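Descriptive analysis of the structure
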Amino acid sequence: MIIIGEKINGSIPSVGKAIANRDSDFIKELARIQAEAKSDYIDCCASVQEEKEVETLRWLIDCIQEVTDLPICIDSPYPRVCVEAMEFCNKPGIINSVSMEGDKIDVIFPKIADTEWDCIALLCGDSGIPKTVDERMEIFGQIMEKADEYGIDPSRLYIDPLVVTLSTDKDALLTFVECCRRIKRDYPDIHITSGLSNISYGLPKRKHINKAFLVLAMEAGMDSAILDPTDPDMLGIIYATNALLKKDDYCLNYIRAYRAGVLGK
Ligand code: THG
């Protein structure tokens, strides 16, 4: 499981405040605890006005790189901002994200083609998140055509099939997992990722829904997630699910994680 630590995101009120006050100690601490909790990448989302975003990302990325060597996942809705922010990173990471909306993919794919950068691709286009599996898979086909055109190997792509809210759409999980199965059937080397929290919007005790979603999505082939790695239950569930899915011989990784103390008490 490839873990993208979600905590440096300006839409979280405490983080937004730290960004506004340029409180570098606060941001560095979030980077440090996520690195310690076994993240593979640190997501970095400024969540400020577009005009301020490049400068804010530069500051955030500098803070992160002062305390960890982990690669950055640049999280911005603006493709040109993503491209500029690549320059601030000491090593290749992940662009979060492209989709078939506007000219996003034609801005980002040529810039990463001859690099070691990976990229998250959302299965949506100009008319928002498609409702059906077939419509999302049509967008997936268009993304893979673009990847082929620009010479980007499927193993460099993280497909985000997109999670909608369960309380308003009872098919939210089923649509997601069916996309996962079809994508993995045709492209076994491609990665599948997602955020965990959209599924539980509007429901009490959201963590339960998020974790059940995580397990079912992993069974369908999701091999990455944007989540809070400092939650010991989250890591416990991931290690346990890997063992159950035959991805952990003799449960050695599960046992090691327990001994390392990352699964909590
Ligand atoms: N797909 C892609 N990128 C994404 C998302 C996605 N980026 C943003 C978002 N969704 C994922 N990131 C977050 C970051 C923080 C929270 C939710 C999603 C969040 N955090 C709370 C906190 O830290 O205080 C609570 C965490 C908790 O208790 O679980 O809400 O879907 N490609």
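The text that follows walks through the structure, step by step, so that each part is easy to find. What you see is a predicted model; the values in this text were computed from it and never measured.

Contact geometry of helix H6 (residues 133–150) with helix H7 (residues 172–186) gives a least axis separation of 10 Å together with a crossing angle of 40°. In this view, H6 runs oblique relative to H7, as classed from their interaxial angle. Crossing of H6 against H7: the hand is right-handed. Of the residues in H7, those in contact with Val-133, Asp-134, Arg-136, Met-137 and Phe-140 of H6 are Thr-175, Glu-178, Cys-179, Arg-182 and Ile-183.

What surrounds the ligand is a group of 13 residues, the closest being Asp-75, Asn-96, Asp-160, Gly-195 and Ile-226. Contact between the ligand and Glu-6: a nitrogen atom at 3.4 Å from a side-chain N or O atom of the residue. At 2.9 Å, a side-chain N or O of Asn-96 approaches a nitrogen atom of the ligand. Here the ligand has 670 Å² of accessible area as a free molecule, and 69% of this is covered by the chains. Considered class by class, the residues forming the shell around the ligand number 4 nonpolar, 4 polar and 5 charged.

Right, let's get into the pairing of strand E2 (residues 41–44). What you see with E2 is no split at all: Tyr-41 and Asp-43 on one side and Ile-42 and Cys-44 on the other are buried throughout. As defined by bridge partners, strand E1 (residues 2–5) adjoins E2 across 2 bridges and the pair is classed as parallel. When the sheet's bridge partners are listed, Gly-5 is paired in E2 with Ile-42. Of the strand pairs in this sheet, E2 and strand E3 (residues 72–75) are connected by 3 bridges, and their pairing is parallel. Each bridged residue has a counterpart across the sheet, and for Cys-44 the counterpart in E3 is Ile-74. Taken together, E2, helix H3 (residues 50–67) and E3 form a β-α-β motif whose crossover is right-handed.

Turning next to the sheet that holds strand E6 (residues 157–160). Strand order in this open sheet of 8 strands is E7-E6-E5-E4-E3-E2-E1-E8, and the pairing throughout is parallel. Among the strands making up the open sheet, the edge pair consists of strand E7 (191–192) and strand E8 (224–227). As judged from the 4 bridges shared by strand E5 (residues 118–122) and E6, these two strands associate in the parallel manner. For Cys-119, the partnering residue across the bridge sits in E6 and is Leu-157.

Tallying each qualifying case throughout the model produces 3 aromatic pairs. Arranged with centres 5.5 Å apart and planes meeting at 80°, the rings of Phe-140 and Tyr-187 form a pair that is edge-to-face. Of the two residues, Phe-140 is situated in helix H6 and Tyr-187 in the loop between H7 and E7; the sequence distance between them amounts to 47 residues. The exposure class assigned to Tyr-187 is partly exposed, which follows from its relative accessible area of 28%. Arranged with centres 5.0 Å apart and planes meeting at 65°, the rings of Phe-176 and Phe-213 form a pair that is edge-to-face. Of this pair, Phe-176 sits in helix H7 while Phe-213 sits in helix H8 (residues 206–219), and the two are 37 residues apart along the sequence.

Here we come to H3. Here H3 is 18 residues long and its end C-alpha atoms lie 27 Å apart, about the 26 Å a rise of 1.5 Å per residue gives. Remark: the principal bend of H3, roughly 25°, maps to Thr-56. Residues of H3 that are buried make contact with helix H1 (13–20), helix H2 (24–36), E2, E3 and helix H4 (79–86).

Let us look at the pattern of salt bridges. Evaluated as defined, the whole model comprises 16 salt bridges. Here Lys-7 ties to Asp-228 by a salt bridge, and the two come within 3.0 Å at their closest N and O atoms. One end of the pair, Lys-7, is in the loop between E1 and H1; the other, Asp-228, is in the loop between E8 and helix H9 (232–244), with 221 residues separating them in the sequence. Residue classification places Asp-228 among the buried positions, given a relative accessible area of 16%. When the shortest N-O distance is used, the salt bridge between Glu-29 and Arg-32 registers 2.9 Å. Residue Glu-29 and its partner Arg-32 are both found in helix H2; the two are separated by 3 residues, about one turn of the helix. A residue is classified by how much of its surface remains accessible, and Glu-29, at 36% relative accessible area, is partly exposed.

The rules behind each value
Residues numbered from 1 in each chain as written. Predicted model: local features only at pLDDT ≥ 70, side-chain atom pairs only at ≥ 80, totals over all residues. Heavy atoms only, no water. Axes fitted to C-alpha atoms, helices over the stretch in contact; angles between N-to-C directions. Helix = DSSP H or I, 4+ residues; strand = E, 2+ residues; numbered from the N terminus. Parallel < 35°, antiparallel > 145°, perpendicular 65-115°, else oblique. Left-handed = near helix turned anticlockwise from the far one by under 90°. Contact = heavy atoms within 4.5 Å. Near = heavy atom within 4 Å. Polar contact = N/O pair within 3.5 Å; in protein donor to acceptor, adjacent residues only side chain to side chain. Areas by Shrake-Rupley, 256 points an atom, 1.4 Å probe, with all protein chains shown as cover. Nonpolar A, V, L, I, M, F, W, Y, C, P; charged D, E, K, R; others polar. Buried < 20%, exposed > 50% of the residue type's maximum accessible area, 1.4 Å probe, protein only. Pairing = 2+ DSSP bridges. Right-handed = clockwise from strand over helix to strand, strands pointing away. Phe/Tyr/Trp six-rings, centres within 6.5 Å; stacked < 30°, edge-to-face > 60°. Expected span 1.5 Å × (residues − 1). Bend = angle between axes of the 7 residues up to and from the residue. Salt bridge = Lys/Arg side-chain N within 4 Å of Asp/Glu carboxyl O.

So far we have only geometry, and geometry alone does not tell us how the molecule works.
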